[in-house]
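Chain by chain, the residues:
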Amino acid sequence: MCPTADNGVIVTSAPTERSTNRRFQLRLALLVALGVFAQESVWNFHDSQTPVTLAGYTTSVALIGLIMGLDNIIGIFVQPLMGFFSDRTRGRWGRRTPFILIGAPIAALLFVLIPLAPTFPVLIAVIVLFSLTANSFKPITEALIADQQVPEHRSKANAVGRFASGLTIIVSALLSLFVVDESVELAYAISAIVMLACFAILLISLRESRTAAYRAVVDEDKELGRETTGFFAVFKDIFTDRDRSRLFMILAIVVTWGAWAAVRALLTLYGVEQLGLSRGDAGGLTLPASVAFLLVIIPLAILSDRFGRRRVMRIGIVVFALGALVAFIFNTSTVATLVGILIAAAGFAGFAANATVMLWNLAPSQRLIGVYTGIFAVSQAIGSSAGPAAMGGLVDLTDWRFLMLFLVGASIVGLLLTFGVRREYAPTQLAEEKFTGAGSGE
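Here is what the cut-offs are and how they apply
Residues numbered from 1 in each chain as written. Predicted model: local features only at pLDDT ≥ 70, side-chain atom pairs only at ≥ 80, totals over all residues. Heavy atoms only, no water. Helix = DSSP H or I, 4+ residues; strand = E, 2+ residues; numbered from the N terminus. Contact = heavy atoms within 4.5 Å. Phe/Tyr/Trp six-rings, centres within 6.5 Å; stacked < 30°, edge-to-face > 60°. Buried < 20%, exposed > 50% of the residue type's maximum accessible area, 1.4 Å probe, protein only. Lys NZ or Arg CZ within 6 Å of the ring centre and 35° of its normal. Axes fitted to C-alpha atoms, helices over the stretch in contact; angles between N-to-C directions. Parallel < 35°, antiparallel > 145°, perpendicular 65-115°, else oblique. Left-handed = near helix turned anticlockwise from the far one by under 90°. Nonpolar A, V, L, I, M, F, W, Y, C, P; charged D, E, K, R; others polar. Core = buried A, V, L, I, M, F, W, Y, C linked by side-chain atoms within 4.5 Å. Salt bridge = Lys/Arg side-chain N within 4 Å of Asp/Glu carboxyl O. pLDDT = per-residue confidence, 0-100.

Here we come to the environment of Ser176. Within the element layout of this structure, Ser176 appears in helix α6 (residues 154-180). Here the alpha-carbon distance between Ser176 and Ser48, two residues 128 residues apart in the chain, equals 8.3 Å. Ignoring any residue separated from it by four or fewer positions in sequence, one finds Ser176 in contact with Phe45, Ser48 and Gln49.

Okay, the packing of aromatic side chains next. Overall, the coordinates contain 23 aromatic pairs when judged by the stated rule. Aromatic pair Trp260 and Phe348: ring centres 4.7 Å apart, planes at 10 degrees, arrangement stacked. Of this pair, Trp260 sits in helix α10 (residues 245-273) while Phe348 sits in helix α14 (residues 334-362), and the two are 88 residues apart along the sequence. By the burial criterion, Trp260 is buried, and Phe348 matches it. Where Phe348 meets Phe351, the ring centres are 6.2 Å apart and the plane angle is 35 degrees; that geometry is what we call tilted. One end of the pair is Phe348 and the other is Phe351, both in helix α14 and three residues apart, which spans about a single turn. As far as burial versus exposure is concerned, Phe348 and Phe351 are alike and both buried. Grouped by ring-pair contacts, the aromatic residues Trp257, Trp260, Phe293, Phe320, Phe348, Phe351 and Phe376 constitute a single cluster. Over the aromatic face of Trp43 sits the side chain of Lys138, whose NZ or CZ is 5.4 Å from the ring centroid. The ring of Phe24 is capped by Lys156, whose NZ or CZ atom sits 5.4 Å from the centre of that ring.

Running from N to C, helix α3 (residues 70-88) and helix α5 (residues 120-147) cross one another at 40 degrees; their axes reach a closest spacing of 7 Å. Accordingly, the angle class assigned to the pair α3 and α5 is oblique. Considering how the two elements wind past one another, α3 and α5 form a crossing that is right-handed. Contact with α3, carried on its side by Leu70, Asp71, Ile74, Gly75, Val78, Gln79, Met82, Gly83 and Ser86, involves Val128, Ser131, Leu132, Asn135, Ser136, Lys138, Pro139 and Ile140 of α5 and no other residues of that element. Partitioned by chemical class, the residues of the contact of α3 with α5 number eight nonpolar, seven polar and two charged.

One finds Met249, Phe351 and Tyr372 to be the most contacted residues of the largest nonpolar core, which totals 65 residues. Residue assignment for this core shows that the elements contributing at least two residues are α9 (231-240), α10, α12 (286-307), α13 (309-329), α14, α15 (369-397) and α16 (403-418). By residue number, the principal contributor to this core is α10, which donates 13 residues. Contact partners of Met249, with chain neighbours within four places excluded, come to Met313, Phe351, Ala355, Met358, Leu359 and Val421. Counting residues in each nonpolar core, the second largest holds 57 residues, with Ala29, Ile127, Ala143 and Leu144 among its members.

What the rule picks out here adds up to 15 salt bridges. Across the salt bridge formed by Arg246 and Asp241, the nearest N and O atoms sit 2.8 Å from each other. Each member of the pair Arg246 and Asp241 is classed as buried. A salt bridge links Asp399 to Arg401, with the shortest nitrogen-to-oxygen separation between them at 3.4 Å. The class of Arg401 is partly exposed, set by a relative accessible area of 38%. Each of Lys156, Asp305, Arg309, Arg310 and Glu424 takes part in one network of salt bridges that share partners.

Summary statistics for the protein give a mean pLDDT of 87 and a share of 92% for residues scoring 70 or more. When the criterion is pLDDT under 50, residues 1-19 qualifies, and its contacts beyond four places in sequence or with other chains add up to 49 contacts. Counted against residues more than four places away or in other chains, residues 438-442, with its pLDDT under 50, gives 18 contacts.

Okay, structure coming up:
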């Protein structure tokens, strides 16, 4: 149990030294990345093709957007709670595995039913149930990234997961290109089968209850007692702790992820309205940025574990701002815009590789990793929803040529927020490391 004060708030005072001689568990990182690939392959295909399915029943783009945005709203409420429940779970299958074993098959079945829905109300019901089920195990899969690595190697593991997530965009595109026009029902089924097959490989190979990470949690329970911090006490602690590092990190995620989401959401329109490109050519602006992100995220994660996550995060945000500034200065040039977006994407990778990891490592206990994964998901969802809306509103008030300048401003705000993050590790979490054998991964 985490040390607590009389008022029930978690105290974060403990030795601050950490071991630096433990190995990065590459096999475990790749296995968990397979799980991330599994769930994100379905989500990406859902985002790509379900709007078209909805368009068969309604001509209202606003209604389609609202329905497609329900998964973010559901995730805000479901993901932290399910992460919290998994933190409390102990059993023969581990603490994360039971939720995936139950949730993944149900989500796969619901996903396959989306193109088969006979009426519009049934379709909406199936989409909502799918979003609810898939959101219930999404943070749990990602929590495995932190579970299976010691804190000083989590950036690399997270980057491998992010890389796997990026690859799902390619899988979704291939399904759209080669299968959808032949049979949209088959395309949904293939996506669901890929998810189940990847999860099966992960769960059979990982055997969570036998890993060193799970044994360490059980050993800590025996010595200190089961974790008793309540769900709402977790959030109260973040807001009342004198050290505001976690709160500033959450705010930095909202702002910086919001800026990146605005790039992704508005870039095609920017290409059409500002650069005078066709819809197809403008849509292609994001592809080089995605490639740049995938190429640099793992090297940046290695540098982060070596030289410090806050440093790489801040440099990444500065690079993001410089890329947006280049695109703004030369806002009539397609080539300059591409160069600027490439620079911005590479910079954002430095932030993305470390944002989740910072929250994991600042959690007051390794036994609260699941709920902190959910908190990251909520921060990301708020940013992804508010960012495009805010940037779009500013464009409405001014002109498309100022979009990139607004992104520079948002980046600066995100950068300033990171300076409120005063540390990279929670002292109490470092004190728990005695329960995990140095260098042992399984």
